[in-house]
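Commentary on secondary and tertiary structure
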Amino acid sequence: MAAAAPSAEFSRQHLIDPEVCIRCNTCEATCPIHAITHDSRNYVVDFAICNACNACLSPCPTGAIDHWRQVLKSTAYTLDEQLSWDSLPPPIELEPGSQAEVPSEIRELTEIATAGQGGPASPPWSADHSYVNLYSLAKPAIATVAGNYRLTAEGASADIRHIVLDFGNTVFPVLEGQTLGIVPPGLDRNGRLHFVRLYSVASPRDGERPGYNNVALTIKRVTADHEGKPAIGVGSNYMCDLAIGDQLKVVGPYGASFLMPNHPGSSLMMICTGTGSAPMRAMTERRRRRRALEEAGELLLFFGARAEEELPYFGPLMKLPKEFIDINFAFSRAPNQPRKYVQDRIRERAEKVVQMLRDENCYVYLCGLKGMEEGVIDAFRAVCHEHGQNWDELKPELLAKSRLHIETY
Ligand code: NAP
């Protein structure tokens, strides 16, 4: 199969690895819709029948069953082709939409978000290739809501949700740090289509649940404007009100810079506030899943929220082993405690921060409120000064080596 243009109709095709399969027949016996068949040589999946229900995955003793390829619907592998294989074919190359084709409103938003690093930067040298702009407003991907869980305590003033979108058979490849776009249905008060809302992917590249082609988002229900006056955020309320089974239009993915390094021994320093934690959650989860496989670098997290009850993923974060991730919370409105911001915690951990800033294998990520950027950069300058390092000389070096990534809104 040849490289495909982004406008072509992609699908995920379920395949069985003939090299690993032990021909035990459990998959064929389990499939509720008889999509799996075999001959004397191979077990194969009929693309026209399989609905990716995944009932066959867990009974398979070898994992041979759990293989998926992005294909053009029109040229999916036939049964005859699969029956002739000795091994799986290599994945086909998706032709990414170029950054230049990304809609201007999204490019403008990216430029504002990355202004602190002087605009979109290049990704770490070992980052995987990201696909951008595969689905447009004219041709969006359709996702189905597979989960919508409140992350913050019931009484907490912030309603932050973990929303899982299932792409079914549609190919929607994302890397940690990328964003996707949602278009709320209906028209705005001027009778125009709503503009695209960008959300960071909060799950790792293999999905919230590996093998299920799904993606998680972290979304806070907006109930006030920037001045604190009551206001209903159109995009966030639409998303937070979605029920399991609802379908929605998704565009993107976007982002080719705020990506994590993949080389062994690479470390991450992550600084975030509120829902700016979404990409950090994706990166941390990626590292957690691959912990046994990789020569692990360090993970250092500075995470700010008003209080424990308003910090998304507080419970799961607290369960992570201390030797896996060094977590520094900053609570600004916790009862009976002094107000703390992420920049205060950075100052408290000066020695560690400077050690990681000096480490060529450490990559720094900053995501969340625009307002925190200045405070964090001031804190970097101060801790560097304290330890005989000049931040104003170090920053351009970090940028040149794609070691500093900022996305603030
Ligand atoms: P938030 O609840 O408003 O704030 C989280 C914490 O940041 C609070 O403790 C707050 O303290 C503190 N903070 C406020 N100003 C600060 C400053 N100048 N320096 C350091 N800390 C400061 O956060 P949020 O509403 O979730 O907002 C997160 C931001 O991330 C939004 O701008 C959002 O657009 C962006 N974002 C979201 C996503 C996503 O996928 N949803 C992805 C990327 C980025 P106070 O008590 O003083 O308020």
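Reading the values: rules and limits
Residues numbered from 1 in each chain as written. Predicted model: local features only at pLDDT ≥ 70, side-chain atom pairs only at ≥ 80, totals over all residues. Heavy atoms only, no water. Phe/Tyr/Trp six-rings, centres within 6.5 Å; stacked < 30°, edge-to-face > 60°. Buried < 20%, exposed > 50% of the residue type's maximum accessible area, 1.4 Å probe, protein only. Axes fitted to C-alpha atoms, helices over the stretch in contact; angles between N-to-C directions. Helix = DSSP H or I, 4+ residues; strand = E, 2+ residues; numbered from the N terminus. Parallel < 35°, antiparallel > 145°, perpendicular 65-115°, else oblique. Contact = heavy atoms within 4.5 Å. Pairing = 2+ DSSP bridges. Near = heavy atom within 4 Å. Polar contact = N/O pair within 3.5 Å; in protein donor to acceptor, adjacent residues only side chain to side chain. Areas by Shrake-Rupley, 256 points an atom, 1.4 Å probe, with all protein chains shown as cover. Domains from an automatic or database assignment. Buried area = accessible area lost by both parts, 1.4 Å probe. Salt bridge = Lys/Arg side-chain N within 4 Å of Asp/Glu carboxyl O. Nonpolar A, V, L, I, M, F, W, Y, C, P; charged D, E, K, R; others polar.

Another aspect to go through is the packing of aromatic side chains. Enumeration over the complete set of coordinates arrives at nine aromatic pairs. Centre to centre, the rings of F167 and F172 are 4.4 Å apart; their planes meet at 10 degrees, and the pair counts as stacked. The class of F167 is buried, set by a relative accessible area of 2%. Summarising the aromatic geometry, the rings of F329 and F331 are spaced 5.6 Å apart at their centres and angled 25 degrees between planes, so their arrangement reads as stacked.

This next bit is on the packing of helix α9 (residues 370-386) against helix α10 (residues 391-400). Put simply, α9 and α10 touch, their axes get as near as 9 Å, and they point 120 degrees apart. In terms of their interaxial angle, α9 and α10 are classed as oblique. Contact residues: I377, F380, R381 and C384 in α9; W391, D392 and L394 in α10.

Within a sheet, each strand pairs with its neighbour through backbone hydrogen bonds, oriented either parallel or antiparallel. Reading across the sheet, the six strands line up as β8-β7-β10-β5-β6-β9 and stay open at both edges, with antiparallel pairing between neighbours. The open sheet terminates on both sides in strands that have one partner only, identified here as β8 (197-200) and β9 (214-220). This sheet shows a mean twist of 40 degrees between the axes of neighbouring strands, independent of strand direction. When strand β6 (residues 160-166) meets β9, the two strands line up antiparallel, connected through seven bridges. Bridge pairing links H162 to T218 in β9.

Our next topic: the site of the ligand. In the vicinity of the ligand lie 22 residues, with T218, K220, S332, R333 and Y341 positioned nearest. A distance of 2.9 Å separates an oxygen atom of the ligand from a polar atom in the backbone of T275. A distance of 3.1 Å separates an oxygen atom of the ligand from a polar backbone atom of A305. In the complex, 81% of the free accessible area of the ligand, which totals 920 Å², lies under the protein chains.

This paragraph deals with the domain arrangement of the protein. We note that the domain assignment places domain 1 (10-101), domain 2 (141-254) and domain 3 (267-408) within the protein. Here the C-alpha centroids of domain 1 and domain 2 sit 30 Å apart. Counting residues at the interface gives 10 residues for domain 1, matched by eight residues for domain 2. Each partner contributes to the roughly 780 Å² buried at the junction of domain 1 and domain 2, and carbon and sulfur atoms together form 52% of this total. Ranking the residues of domain 1 by area buried against domain 2 places F10, R12 and N54 at the top, with a combined share of 54%. Applying the counting rule to domain 1 against domain 2 returns zero salt bridges. Across the contact surface, domain 1 and domain 2 share two residue pairs in polar contact (both at pLDDT 80 or more). Only β1 (10-15) and β4 (67-72) provide two or more residues apiece to the side of domain 1 that touches domain 2. Residues belonging to the side of domain 1 that touches domain 2 are distributed by class as follows: five nonpolar, three polar and two charged.

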